Amino acid sequence: MNVPLSRMIEGIIATMRSDVIPHVSDSFARGQAVGVIDLLNNIAPRVEWAQAPLQDLVEAKRRLLEEIARTVPEVKAQPIVEQTPATAEDLLVLKGRLDAAICEAIAFVWPRRDEPECSRAAGLIKAHLHDEMTAEMKITRKPLFAEIASGDTANT
């Protein structure tokens, strides 16, 4: 969930137009694929990522940076002052800035990871990343590899 939903939908549409539709020989199936493109074109401006999970992620990143700054004072917590994000896209931008700040903290902490404070900060970062991936996996459905490979839709 690192890209704006509109960009992802644009990518799906482009893939349908360039890679799927040209390889569909049945006119009914091709019409259905074009119908999916039409649906995506009309739904894209009306939907966005759910804001609550993004807000939770942003707050977790803020807390992590504050804890790193308390643990390793040389890593100054750069306050990322933002207006209250109005959209999911605003939250994604803020998340990107916080991720960049975390990367800067990693760049400082990692070479000094043998020092107790930096080791603790590295552990905090590791735990944060683990928690982030665990949360992401909870909302990610298992892929349909067998159906994708065979083209069979019996189990979908």
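Here the structure is a predicted model, which means the values were calculated and not measured.

Basis of the calculations
All residue numbers here refer to positions counted from 1 along the written sequence of the relevant chain. Given that this is a predicted model, residues contribute local features only at a pLDDT of at least 70 and side-chain atom pairs are listed and counted only at 80 or more, while totals for whole chains, interfaces and linings are drawn from all residues. Side-chain measures were taken over the full set of non-hydrogen atoms in the model, leaving aside hydrogen atoms and water. Helix and strand assignments follow DSSP, with helices taken as H or I runs no shorter than four residues and strands as E runs no shorter than two, numbered in order from the N terminus. Multiplying 1.5 Å by the helix residue count minus one yields the expected span of that helix. When accessible area is computed with a 1.4 Å probe and restricted to protein chains, residues below 20% of their type maximum are described as buried, those above 50% as exposed, and intermediate ones as partly exposed. Contact between two residues is taken to exist if any of their heavy atoms lie within 4.5 Å; hydrogens are not considered. Counting of polar contacts relies on pairs of N or O atoms within 3.5 Å, with two restrictions inside protein: one atom must be capable of donating a hydrogen and the other of accepting it, and residues adjacent in sequence are counted only when both atoms are side-chain atoms. Side-chain atoms within 4.5 Å link the members of a nonpolar core, which is a set of buried Ala, Val, Leu, Ile, Met, Phe, Trp, Tyr and Cys residues. Salt bridges are identified by distance alone: a Lys or Arg side-chain nitrogen within 4 Å of an Asp or Glu carboxyl oxygen. Two distance rules govern patches: like charges are joined within 9 Å, and nonpolar side chains (Val, Leu, Ile, Met, Phe, Trp, Tyr) within 5 Å, applied only to residues with over 30% relative accessible area and no salt bridge. Residue-level accessible areas treat just the shown protein chains as cover; the underlying method is Shrake-Rupley with a 1.4 Å probe. Each axis is a line fitted through C-alpha atoms, and for a helix only the stretch in contact is used; angles between axes span 0 to 180 degrees, taken between their N-to-C directions. Here roughly perpendicular refers to angles of 65 to 115 degrees, roughly parallel to angles under 35, roughly antiparallel to angles over 145, and oblique to all remaining angles. Here the term charged refers only to Asp, Glu, Lys and Arg, the term nonpolar to Ala, Val, Leu, Ile, Met, Phe, Trp, Tyr, Cys and Pro, and the term polar to all other amino acids, Gly among them.

A. A look at helix α5 (residues 116-138). End to end, α5 covers 33 Å across 23 residues, agreeing with the expected 33 Å (1.5 Å per residue, within 8%). Of the residues making up α5, those classed as buried are C118, A121, A122, L124, I125, H128 and E132. Packed against the buried residues of α5 are α3 (51-71) and α4 (88-109).

B. Summary view of the side chain of K61. Position of K61 relative to the elements: it lies in helix α3. Relative accessible area serves as the criterion here: at 1%, K61 is assigned to the buried category. For K61, the side chain forms a polar contact with the side chain of D99, separated by 2.6 Å. Other than its neighbours up to four places away in sequence, K61 contacts K95, L98, D99, I102, H128 and E132.

C. Layout of the nonpolar core. Counting 31 residues, the largest nonpolar core has I9, W49, L54, L64, I68, V75 and V109 as its most contacted members. Sorting the residues of this core by element identifies α1 (5-20), α2 (27-43), α3, α4 and α5 as the ones contributing at least two each. Per-element tally for this core: the top contributor is α4, with nine residues.

D. The arrangement of the pattern of salt bridges in detail. A complete count under the given rule lists eight salt bridges for this structure. Salt-bridge contacts for K61 lead to D99; the nearest nitrogen and oxygen are separated by 2.6 Å. Of this pair, K61 sits in helix α3 while D99 sits in helix α4; the two residues are 38 residues apart in sequence, bridging distant segments of the chain. Among the salt bridges present, the one from K61 reaches E132, with a minimum N-O distance of 3.3 Å. Taken together, the positions of K61 in helix α3 and E132 in helix α5 put the pair 71 residues apart, joining distant regions of the chain. There is no split in this pair, since K61 and E132 are both buried. Linked through salt bridges whose partners overlap, the residues forming this network are K61, K95, D99 and E132.

E. Region of the structure containing a nonpolar patch on the surface. On the surface, V3, M8 and I12 cluster together into a nonpolar patch covering about 210 Å² of accessible area. By secondary structure assignment, the location of V3 is in the segment before α1.

F. Broad picture of the packing of α3 against α5. It is at 9 Å that the axes of α3 and α5 come closest, and there the two elements cross at 170°. The orientation of α3 with respect to α5, classified from their angle, is roughly antiparallel. Contacts between α3 and α5 involve L57, A60, K61, L64, E67, I68 and T71 on the former and, on the latter, E117, R120, A121, L124, I125, H128 and E132. Grouping the constituent residues of the contact of α3 with α5 by class yields seven nonpolar, two polar and five charged.

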